[in-house]
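# Observations on the model geometry
So the chains spell out like this:
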Amino acid sequence: MKIEKNTAVTLLMKVTDTQGFVFDEGKQPTAYLHGGYDNLFPKIEAALEGQEPGYQTTVELATEDAFGERDEALVTTMPKAEFPPGVKVGGQIQRRGPDGEPRYYFVTKIKGPTVLLDGNHPLCGKAMRFILKVIDVRAATAEEIEHQHVHGEHGHHH
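For the structure given in this document, a descriptive report is provided here. (Residues numbered from 1 in each chain as written. Predicted model: local features only at pLDDT ≥ 70, side-chain atom pairs only at ≥ 80, totals over all residues. Heavy atoms only, no water.)

As a further point, take unusual backbone geometry. At Asp38, a residue that is not glycine, the phi angle is positive and equals roughly 60°. Mapped onto the fold, Asp38 is located in the loop between strand 3 (30-33) and helix 1 (42-48). A positive phi angle is found at Gln148, which is not glycine, with a value near 65°. Exposure remark for Gln148: the relative accessible area of 41% places this residue in the partly exposed category. (Helix = DSSP H or I, 4+ residues; strand = E, 2+ residues; numbered from the N terminus. Buried < 20%, exposed > 50% of the residue type's maximum accessible area, 1.4 Å probe, protein only.)

In structure tokens form, the structure reads like this:
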């Protein structure tokens, strides 16, 4: 079966920056619903369109096509007294962003009475390389299409 809209695609995906620093070895299969559901970057979906199991490719994405540029307006602080218990450096908390919408912030440092937070994705500001191998392609179920993601093996479990 070829990769097209509303197919469930399972692939191995090694992720590095363009200098070769490895962020994910891609040893565990991942599955996504193909067809513009924002489950993968659009340029990766475009590279996989029409392909079949066994297909391999490398896709390089410029910063703006991957996680975007860093936005220093998303770097902020909060008083440690207001900080939820049990969250540590490297963890995430949800709070309102500069636009008033809820967003996740990474806890980057706890310094005295202040907690430093960063709402940027950790890979913002980096050009990325994705080494892809298609393992399986199947028709997505009606429920997967309705939920806009793959369920079950290597996908999302409800």
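Here the focus is the packing of aromatic side chains. According to the stated counting rule, one finds three aromatic pairs in the structure shown. When the ring of Phe41 is compared with that of Phe67, the centres are 5.0 Å apart and the planes differ by 85°; the resulting orientation is edge-to-face. Here Phe41 is found in the loop between strand 3 and helix 1, whereas its partner Phe67 is found in the loop between strand 4 (56-61) and strand 5 (75-79), with 26 residues between them in sequence. With a centroid separation of 5.8 Å and 65° between ring planes, the pair formed by Phe41 and Phe130 is classed as edge-to-face. Placement of the pair is Phe41 in the loop between strand 3 and helix 1 and Phe130 in strand 9 (residues 128-139), with a sequence separation of 89 residues. The same class applies to Phe41 as to Phe130, namely buried. Of the aromatic side chains, those joined through ring pairs into one cluster are Phe41, Phe67 and Phe130. (Phe/Tyr/Trp six-rings, centres within 6.5 Å; stacked < 30°, edge-to-face > 60°.)

Taken in spatial order, the four strands of this open sheet run 5-8-7-6, and their pairing is antiparallel. Of all the strands in the sheet, just strand 5 and strand 6 (92-96) have a single pairing partner and so form its edges. The average undirected angle you get between the axes of adjacent strands in this sheet is 45°. (Pairing = 2+ DSSP bridges. Axes fitted to C-alpha atoms, helices over the stretch in contact; angles between N-to-C directions.)

This model, assessed by the stated rule, comprises six salt bridges. Put simply, Lys43 and Asp65 hold a salt bridge, and the shortest N to O gap is 2.9 Å. Taken as a pair, Lys43 in helix 1 and Asp65 in the loop between strand 4 and strand 5 lie far apart in primary sequence, 22 residues in all. We classify Asp65 as partly exposed; its relative accessible area is 24%. (Salt bridge = Lys/Arg side-chain N within 4 Å of Asp/Glu carboxyl O.)

Core analysis: the largest hydrophobic core is formed by 19 residues, its most contacted members being Ile44, Leu48, Phe130 and Leu132. Counting only elements with at least two residues in this core, the list comes to strand 1 (7-17), helix 1, strand 4 and strand 9. Broken down by element, this core gets its largest block of residues, five residues, from strand 9. If near-sequence neighbours (up to four positions away) are discounted, Leu132 is found in contact with Leu11, Leu12, Met13, Ile44, Leu48, Tyr55, Gln56, Thr57 and Val59. With eight residues, the next largest nonpolar core counts Ile93, Tyr105, Val107 and Leu117 among its residues. (Core = buried A, V, L, I, M, F, W, Y, C linked by side-chain atoms within 4.5 Å. Contact = heavy atoms within 4.5 Å.)

Quick look at the pairing of strand 8 (residues 114-118) now. Looking at chain direction, strand 5 and strand 8 are connected through five bridges and run antiparallel. In the strand pairing of strand 8, Met78 is matched with Val115. Where strand 7 (residues 102-111) and strand 8 come together, five bridges link them in antiparallel fashion. The partner of Phe106 across the bridge, within strand 8, is Asp118. Counting the residues that bridge the hairpin from strand 7 to strand 8 gives two residues, and of these Gly112 lies at a positive phi of roughly 60°.

On to the side chain of Glu144, then. Note on placement: Glu144 falls in helix 2 (residues 142-147). One polar contact links Glu144 to Arg138, side chain to side chain, over a distance of 2.8 Å. (Polar contact = N/O pair within 3.5 Å; in protein donor to acceptor, adjacent residues only side chain to side chain.)

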